[in-house]
Amino acid sequence: GMEIAREEIKDMRVKIIYEDDQGTSSGAISAFKKLVATHKVPVIIGPMYSSTALAIAPLGEKYKVVIFSPSASSPELTNAGDYFFRNWPSDIYEGAEMAKFAYNTLHLRAIAILSVNLDYGVGLTRVFEKTFKLLGGKILTVEYYEQGNTDFRTQLSKIKSLKPQAIYLPGYYTEIGLILKQ
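Residues numbered from 1 in each chain as written. Predicted model: local features only at pLDDT ≥ 70, side-chain atom pairs only at ≥ 80, totals over all residues. Heavy atoms only, no water.

1. Comments concerning the side chain of Ser74
Working step 1: Along the chain, Ser74 falls in the loop between β2 (66–69) and β3 (84–86).
Working step 2: Relative accessible area serves as the criterion here: at 2%, Ser74 is assigned to the buried category.
Working step 3: Those residues in contact with Ser74, other than ones at most four positions away along the chain, are Ser50, Leu54, Arg86, Ser90 and Asp91. (Helix = DSSP H or I, 4+ residues; strand = E, 2+ residues; numbered from the N terminus. Buried < 20%, exposed > 50% of the residue type's maximum accessible area, 1.4 Å probe, protein only. Contact = heavy atoms within 4.5 Å.)

2. Some remarks on the environment of Lys158
Working step 1: As for its placement among the helices and strands, Lys158 is situated in helix α6 (residues 153–162).
Working step 2: On the basis of relative accessibility, which here comes to 42%, the residue Lys158 falls in the partly exposed class.
Working step 3: The sequence separation of Lys158 and Glu61 amounts to 97 residues, and the corresponding C-alpha distance is 44 Å.
Working step 4: The contact partners of Lys158, leaving out residues within four places of it in the chain, are Thr141 and Glu143.

3. Describing the packing of helix α2 (residues 25–37) against helix α3 (residues 50–63)
Working step 1: At their nearest, the axes of α2 and α3 sit 8 Å apart, and the two run at 30° to each other. The pairing of α2 with α3 is recorded here as roughly parallel in orientation. The handedness of the crossing between α2 and α3 is right-handed. Along its contact with α2, which presents Ser25, Ala28, Ile29, Phe32 and Val36, the element α3 presents Ser51, Thr52, Ala55, Ile56, Leu59, Gly60 and Tyr63.
Working step 2: When the residues that make up the contact of α2 with α3 are grouped by side-chain class, the tally is 8 nonpolar, 4 polar and no charged. (Axes fitted to C-alpha atoms, helices over the stretch in contact; angles between N-to-C directions. Parallel < 35°, antiparallel > 145°, perpendicular 65-115°, else oblique. Left-handed = near helix turned anticlockwise from the far one by under 90°. Nonpolar A, V, L, I, M, F, W, Y, C, P; charged D, E, K, R; others polar.)

4. Brief notes about the nonpolar core
Working step 1: Judged by nonpolar contacts, the single largest core of 24 residues is most densely connected at Ile111, Leu114, Phe128, Phe132, Tyr145 and Ile179.
Working step 2: Where this core is concerned, the elements lending two or more residues are α4 (91–105), β4 (110–116), α5 (119–135), β5 (138–145), α6 and α7 (173–181).
Working step 3: The greatest single-element share of this core, amounting to 5 residues, is contributed by β4.
Working step 4: Apart from residues lying up to four places away in sequence, Ile111 is in contact with Ala102, Phe128, Phe132, Lys138, Ile139, Leu140, Thr141, Pro164, Ala166 and Tyr168. (Core = buried A, V, L, I, M, F, W, Y, C linked by side-chain atoms within 4.5 Å.)

This is the structure in structure tokens:
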């Protein structure tokens, strides 16, 4: 998408340099340092995850480099500094709206949560749980898994034994696909 935009504005002075943060905080810090020290970039588009954005937001402030994340949603990023921006809603909005939808529209009253144990999942879980309970709903259990896990049978067995009406799944596509299969 960035290459298409550069071609459309027909400004070959715009140079795009790619670095892979590998979805980890240490990878994000390494990518940030390389982009700033080696390439002297004034703007970074990314990272994608809340945990990686939180890791480099202080560096953006320190080195006065604008960071624009297209998808990081942690509520903590709202006050990440003058050099951090995003165009994705905070988990505060998303989690609250999902809880309202589950309670008011789907008429669910007893839900289990199975969430990725990263800033993204934890943030959504906290907001969803708080809002759902305030509405009168019950959270039967909150289970966390580590990013990259492939076996969720233990958590799913526990959740199944509690007989929830639904499971709220804040996480990433790869794990959610496996959870749904299992």
